[in-house]
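# Breakdown of the fold
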Amino acid sequence: MVETHVLFVEDDDVIREATQLALERDGFVVTAMPDGLSGLEAFRADRPDIALLDVMVPGLDGVSLCRRIRDESTVPVIMLSARADSIDVVLGLEAGADDYVTKPFDGAVLVARIRAVLRRFGHAGGPAGERGGQDADEHGARSFGDLEIDTEGMEVRKGGEPVALTPTEMRLLIEFSAAPGTVLSRDKLLERVWDYGWGGDTRVVDVHVQRLRTKIGQDRIETVRGFGYKLKA
(Lines give C-alpha, C1' and ligand atoms only; values in the text may rest on other atoms or scores of the structure.)
Protein backbone atom coordinates (compact mmCIF):
# COMPACT_ATOMS: atom_id res chain seq x y z
CA MET A 1 0.00 0.00 0.00
CA VAL A 2 1.40 3.37 -1.02
CA GLU A 3 1.64 5.78 1.92
CA THR A 4 0.38 9.34 1.57
CA HIS A 5 2.92 11.99 2.52
CA VAL A 6 1.50 15.11 4.16
CA LEU A 7 3.38 18.37 4.64
CA PHE A 8 1.92 20.17 7.68
CA VAL A 9 3.00 23.73 8.46
CA GLU A 10 1.79 25.06 11.83
CA ASP A 11 3.57 27.31 14.34
CA ASP A 12 1.58 26.26 17.43
CA ASP A 13 3.57 23.43 19.01
CA VAL A 14 0.57 21.77 20.68
CA ILE A 15 -1.61 21.82 17.54
CA ARG A 16 1.28 20.72 15.32
CA GLU A 17 2.24 17.75 17.49
CA ALA A 18 -1.33 16.64 18.23
CA THR A 19 -2.39 16.88 14.59
CA GLN A 20 0.72 15.07 13.40
CA LEU A 21 0.02 12.20 15.79
CA ALA A 22 -3.63 12.04 14.72
CA LEU A 23 -2.71 11.93 11.02
CA GLU A 24 -0.04 9.30 11.60
CA ARG A 25 -2.57 7.14 13.45
CA ASP A 26 -4.68 7.27 10.29
CA GLY A 27 -1.78 5.99 8.23
CA PHE A 28 -0.33 9.21 6.82
CA VAL A 29 3.37 10.00 6.72
CA VAL A 30 3.71 13.53 8.10
CA THR A 31 6.45 16.13 7.81
CA ALA A 32 5.59 18.89 10.29
CA MET A 33 7.25 22.30 10.12
CA PRO A 34 6.86 25.36 12.41
CA ASP A 35 7.19 28.15 9.83
CA GLY A 36 6.75 28.95 6.18
CA LEU A 37 10.39 28.99 5.13
CA SER A 38 11.14 25.56 6.59
CA GLY A 39 7.87 24.39 5.09
CA LEU A 40 8.98 25.52 1.62
CA GLU A 41 12.32 23.75 2.05
CA ALA A 42 10.54 20.57 3.13
CA PHE A 43 8.17 20.79 0.18
CA ARG A 44 11.03 21.07 -2.28
CA ALA A 45 13.00 18.28 -0.63
CA ASP A 46 10.18 15.77 -0.05
CA ARG A 47 7.55 16.57 -2.72
CA PRO A 48 4.60 15.57 -0.51
CA ASP A 49 1.24 14.34 -1.81
CA ILE A 50 -0.68 17.13 -0.06
CA ALA A 51 0.11 20.27 1.94
CA LEU A 52 -1.75 21.56 5.01
CA LEU A 53 -0.81 25.19 5.59
CA ASP A 54 -1.83 27.38 8.50
CA VAL A 55 -2.52 30.93 7.34
CA MET A 56 -0.68 32.67 10.18
CA VAL A 57 2.81 31.18 10.36
CA PRO A 58 6.05 33.17 10.79
CA GLY A 59 8.75 33.78 8.21
CA LEU A 60 6.59 33.13 5.17
CA ASP A 61 2.87 33.21 5.83
CA GLY A 62 0.63 30.40 4.66
CA VAL A 63 -0.90 32.33 1.76
CA SER A 64 2.54 33.30 0.40
CA LEU A 65 3.75 29.73 0.88
CA CYS A 66 0.73 28.47 -1.05
CA ARG A 67 1.60 30.80 -3.93
CA ARG A 68 5.21 29.55 -3.95
CA ILE A 69 4.04 25.94 -3.98
CA ARG A 70 1.53 26.63 -6.73
CA ASP A 71 4.25 28.23 -8.86
CA GLU A 72 6.09 24.90 -8.79
CA SER A 73 3.42 22.24 -8.48
CA THR A 74 -0.25 21.30 -8.74
CA VAL A 75 -0.05 19.32 -5.49
CA PRO A 76 -3.29 19.75 -3.50
CA VAL A 77 -3.25 22.41 -0.78
CA ILE A 78 -5.63 22.82 2.16
CA MET A 79 -5.41 26.07 4.13
CA LEU A 80 -6.02 26.11 7.88
CA SER A 81 -7.39 29.27 9.45
CA ALA A 82 -8.13 30.14 13.07
CA ARG A 83 -11.29 31.90 11.98
CA ALA A 84 -13.72 31.73 9.08
CA ASP A 85 -12.65 35.22 8.09
CA SER A 86 -13.63 36.10 4.52
CA ILE A 87 -10.29 37.71 3.78
CA ASP A 88 -8.31 34.69 5.04
CA VAL A 89 -10.46 32.27 3.09
CA VAL A 90 -10.53 34.18 -0.18
CA LEU A 91 -6.82 35.05 -0.10
CA GLY A 92 -5.94 31.42 0.46
CA LEU A 93 -8.17 30.21 -2.36
CA GLU A 94 -6.99 32.91 -4.72
CA ALA A 95 -3.40 31.88 -3.98
CA GLY A 96 -4.23 28.45 -5.35
CA ALA A 97 -5.51 26.46 -2.36
CA ASP A 98 -8.05 23.77 -3.16
CA ASP A 99 -9.95 23.86 0.13
CA TYR A 100 -9.76 25.24 3.66
CA VAL A 101 -10.57 24.08 7.17
CA THR A 102 -11.36 26.36 10.09
CA LYS A 103 -9.64 25.85 13.45
CA PRO A 104 -10.35 24.40 15.91
CA PHE A 105 -11.10 21.32 13.85
CA ASP A 106 -12.01 17.76 14.67
CA GLY A 107 -9.32 15.31 13.62
CA ALA A 108 -11.82 13.05 11.88
CA VAL A 109 -13.16 15.99 9.88
CA LEU A 110 -9.67 17.00 8.80
CA VAL A 111 -8.87 13.45 7.69
CA ALA A 112 -12.15 13.28 5.76
CA ARG A 113 -11.34 16.53 3.95
CA ILE A 114 -7.82 15.35 3.15
CA ARG A 115 -9.14 12.11 1.70
CA ALA A 116 -11.82 13.92 -0.28
CA VAL A 117 -9.17 16.15 -1.88
CA LEU A 118 -6.90 13.19 -2.60
CA ARG A 119 -9.75 11.24 -4.20
CA ARG A 120 -10.49 13.94 -6.70
CA PHE A 121 -6.81 14.50 -7.42
CA GLY A 122 -6.25 10.81 -7.93
CA HIS A 123 -9.27 10.50 -10.21
CA ALA A 124 -9.44 13.85 -11.99
CA GLY A 125 -11.61 12.40 -14.75
CA GLY A 126 -14.01 10.87 -12.23
CA PRO A 127 -17.72 10.45 -12.87
CA ALA A 128 -17.91 13.74 -14.73
CA GLY A 129 -15.51 12.51 -17.36
CA GLU A 130 -17.76 9.51 -17.97
CA ARG A 131 -20.95 11.40 -18.64
CA GLY A 132 -19.89 12.81 -21.97
CA GLY A 133 -21.13 16.11 -23.32
CA GLN A 134 -21.78 18.20 -26.38
CA ASP A 135 -19.17 17.79 -29.14
CA ALA A 136 -17.53 14.91 -27.26
CA ASP A 137 -16.03 12.18 -29.48
CA GLU A 138 -15.26 8.58 -28.57
CA HIS A 139 -11.85 9.63 -27.25
CA GLY A 140 -13.22 12.10 -24.70
CA ALA A 141 -12.46 15.28 -26.66
CA ARG A 142 -14.81 18.23 -26.27
CA SER A 143 -14.71 21.46 -28.24
CA PHE A 144 -16.36 24.78 -27.48
CA GLY A 145 -15.19 27.35 -30.00
CA ASP A 146 -11.44 27.73 -29.55
CA LEU A 147 -11.57 25.80 -26.26
CA GLU A 148 -10.56 22.12 -26.53
CA ILE A 149 -10.86 19.72 -23.60
CA ASP A 150 -9.33 16.25 -23.57
CA THR A 151 -11.05 14.48 -20.68
CA GLU A 152 -8.87 11.37 -20.99
CA GLY A 153 -5.49 13.07 -21.33
CA MET A 154 -6.54 15.75 -18.84
CA GLU A 155 -5.38 18.51 -21.19
CA VAL A 156 -6.95 21.80 -22.20
CA ARG A 157 -6.07 24.05 -25.12
CA LYS A 158 -7.33 27.50 -25.95
CA GLY A 159 -6.64 28.76 -29.46
CA GLY A 160 -4.30 25.81 -29.88
CA GLU A 161 -2.18 26.79 -26.87
CA PRO A 162 -2.03 24.59 -23.73
CA VAL A 163 -3.79 25.86 -20.62
CA ALA A 164 -2.30 24.87 -17.25
CA LEU A 165 -5.06 23.88 -14.81
CA THR A 166 -4.85 22.44 -11.34
CA PRO A 167 -6.70 19.11 -10.88
CA THR A 168 -9.53 20.94 -9.07
CA GLU A 169 -9.89 23.42 -11.92
CA MET A 170 -9.86 20.52 -14.38
CA ARG A 171 -12.60 18.72 -12.48
CA LEU A 172 -14.64 21.91 -12.44
CA LEU A 173 -14.22 22.41 -16.19
CA ILE A 174 -15.14 18.79 -16.88
CA GLU A 175 -18.38 19.26 -14.93
CA PHE A 176 -19.26 22.34 -16.95
CA SER A 177 -18.31 20.77 -20.28
CA ALA A 178 -20.37 17.65 -19.56
CA ALA A 179 -23.52 19.78 -19.57
CA PRO A 180 -22.90 22.94 -21.63
CA GLY A 181 -25.67 25.50 -21.35
CA THR A 182 -27.01 23.83 -18.20
CA VAL A 183 -26.94 25.83 -14.98
CA LEU A 184 -25.05 24.06 -12.21
CA SER A 185 -25.73 25.25 -8.69
CA ARG A 186 -22.91 25.93 -6.26
CA ASP A 187 -24.18 23.13 -4.01
CA LYS A 188 -24.14 20.68 -6.93
CA LEU A 189 -20.58 21.70 -7.82
CA LEU A 190 -19.50 21.29 -4.19
CA GLU A 191 -20.95 17.79 -4.23
CA ARG A 192 -19.45 16.74 -7.57
CA VAL A 193 -16.09 18.51 -7.58
CA TRP A 194 -15.23 18.86 -3.89
CA ASP A 195 -16.87 15.58 -2.89
CA TYR A 196 -18.82 17.27 -0.13
CA GLY A 197 -21.56 15.05 1.19
CA TRP A 198 -22.61 17.94 3.38
CA GLY A 199 -23.11 21.69 3.04
CA GLY A 200 -19.91 23.52 2.23
CA ASP A 201 -18.73 27.08 1.83
CA THR A 202 -19.79 28.26 -1.63
CA ARG A 203 -16.93 30.79 -1.66
CA VAL A 204 -14.73 27.84 -2.59
CA VAL A 205 -16.75 27.47 -5.79
CA ASP A 206 -16.86 31.18 -6.58
CA VAL A 207 -13.11 31.69 -6.29
CA HIS A 208 -12.31 28.60 -8.35
CA VAL A 209 -14.74 29.69 -11.07
CA GLN A 210 -13.02 33.07 -11.20
CA ARG A 211 -9.60 31.39 -11.40
CA LEU A 212 -10.87 29.16 -14.19
CA ARG A 213 -12.26 32.16 -16.08
CA THR A 214 -8.89 33.89 -16.06
CA LYS A 215 -7.42 30.85 -17.81
CA ILE A 216 -10.08 29.90 -20.36
CA GLY A 217 -11.72 33.30 -20.94
CA GLN A 218 -13.82 35.55 -18.73
CA ASP A 219 -16.92 35.20 -20.91
CA ARG A 220 -16.77 31.40 -21.24
CA ILE A 221 -18.52 30.68 -17.92
CA GLU A 222 -21.69 32.67 -17.30
CA THR A 223 -23.07 33.56 -13.88
CA VAL A 224 -26.80 32.95 -13.55
CA ARG A 225 -27.66 35.13 -10.60
CA GLY A 226 -29.39 33.29 -7.81
CA PHE A 227 -28.84 29.88 -9.39
CA GLY A 228 -25.20 29.15 -10.24
CA TYR A 229 -22.99 28.95 -13.31
CA LYS A 230 -23.07 27.52 -16.82
CA LEU A 231 -20.62 26.97 -19.64
CA LYS A 232 -21.59 28.77 -22.81
CA ALA A 233 -22.11 26.16 -25.52
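Residues numbered from 1 in each chain as written. Predicted model: local features only at pLDDT ≥ 70, side-chain atom pairs only at ≥ 80, totals over all residues. Heavy atoms only, no water.

### Considering the overall build of the protein
Broken down by element type, the protein carries 9 helices and 11 strands. Going through the 233 residues of the protein one by one, you find that 48% of them count as buried. By sequence separation, contacts in the protein at least 24 residues apart represent 59% of the contacts at least 6 residues apart. By element, 50% of the accessible surface of the protein is carried by carbon and sulfur atoms, the whole surface being about 10,700 Å². (Helix = DSSP H or I, 4+ residues; strand = E, 2+ residues; numbered from the N terminus. Buried < 20%, exposed > 50% of the residue type's maximum accessible area, 1.4 Å probe, protein only. Contact = heavy atoms within 4.5 Å. Areas by Shrake-Rupley, 256 points an atom, 1.4 Å probe, with all protein chains shown as cover.)

### What to know about the pairing of strand β6 (residues 141–144)
On β6, burial follows the alternation: R142 and F144 on one face are buried, whereas A141 and S143 on the facing-out side are not. Bridge analysis of β6 against strand β7 (residues 147–150) gives 4 bridges, and the strand direction is antiparallel. Its bridge partner being in β7, R142 is matched across the sheet by I149. Between the end of β6 and the start of β7, which pair antiparallel, lie 2 residues, with G145 showing a positive phi angle near 65°. (Pairing = 2+ DSSP bridges.)

### Quick look at the packing of helix α7 (residues 167–178) against helix α9 (residues 203–216)
Orientation of α7 relative to α9, taken along the N-to-C sense of each, is 85°, at an axis distance of 10 Å. In this view, α7 runs roughly perpendicular relative to α9, as classed from their interaxial angle. Facing T168, E169, L172, L173 and F176 of α7, the residues of α9 in contact are H208, V209, R211, L212, K215 and I216. Looking at the contact of α7 with α9 residue by residue, the class counts come to 6 nonpolar, 2 polar and 3 charged. (Axes fitted to C-alpha atoms, helices over the stretch in contact; angles between N-to-C directions. Parallel < 35°, antiparallel > 145°, perpendicular 65-115°, else oblique. Nonpolar A, V, L, I, M, F, W, Y, C, P; charged D, E, K, R; others polar.)

### Regarding the packing of helix α4 (residues 86–94) against α9
The relative placement of two packed helices is expressed as an angle between their axes plus a distance between the axes. It is at 9 Å that the axes of α4 and α9 come closest, and there the two elements cross at 40°. Judged by the twist between their axes, the crossing of α4 over α9 is right-handed. Between α4, through S86, V89, V90, L93 and E94, and α9, the contact on the second element is made entirely by R203, V204, V207, H208 and R211. Broken down by class, the residue content of the contact of α4 with α9 amounts to 5 nonpolar, 2 polar and 3 charged. (Left-handed = near helix turned anticlockwise from the far one by under 90°.)

### Observations concerning unusual backbone geometry
In this chain, K103 is followed by P104 through a cis amide linkage whose omega measures -5°. When you line up the elements, P104 lands in the loop between β5 (99–102) and α5 (107–122). You will see that R47, though not glycine, has its phi angle at about 50°, which is positive. Secondary-structure assignment places R47 in the loop between α2 (36–46) and β3 (50–54). Looking at R47, the relative accessible area reads 44%, which means it is partly exposed. Despite not being glycine, M154 has its phi angle at roughly 55°, a positive value. Among the structural elements, M154 can be located in the loop between β7 and β8 (155–158).

### A few points about the sheet that holds strand β9 (residues 161–163)
Think of a sheet as strands paired side by side through backbone hydrogen bonds, with each pair either parallel or antiparallel. Here 4 strands make up an open sheet; going across it, the order is β6-β7-β8-β9 and the pairing antiparallel. The outermost strands of the open sheet, each flanked by one partner alone, are β6 and β9. Across the sheet, the mean angle separating the axes of adjacent strands is 25° when strand polarity is ignored. In the sheet, β7 pairs with β8 via 4 bridges, with the strands oriented antiparallel. By the bridge assignment, I149 is partnered in β8 with V156.

### Overview of the pattern of salt bridges
Tallying each qualifying case throughout the model produces 16 salt bridges. Across the pair R113 and D99 runs a salt bridge, and its minimum N-O distance is 3.2 Å. Pair noted here: R113 is in helix α5 and D99 is in strand β5, with a separation of 14 residues, a long-range link. In this pair, the class of R113 matches that of D99, namely buried. (Salt bridge = Lys/Arg side-chain N within 4 Å of Asp/Glu carboxyl O.)

### Some words on the confidence of the model for the protein
Here the protein averages 87 in pLDDT, while 89% of its residues score no lower than 70. In the model, residues 123–138 has pLDDT below 50 throughout and makes 34 contacts with residues more than four positions away in sequence or in other chains. (pLDDT = per-residue confidence, 0-100.)

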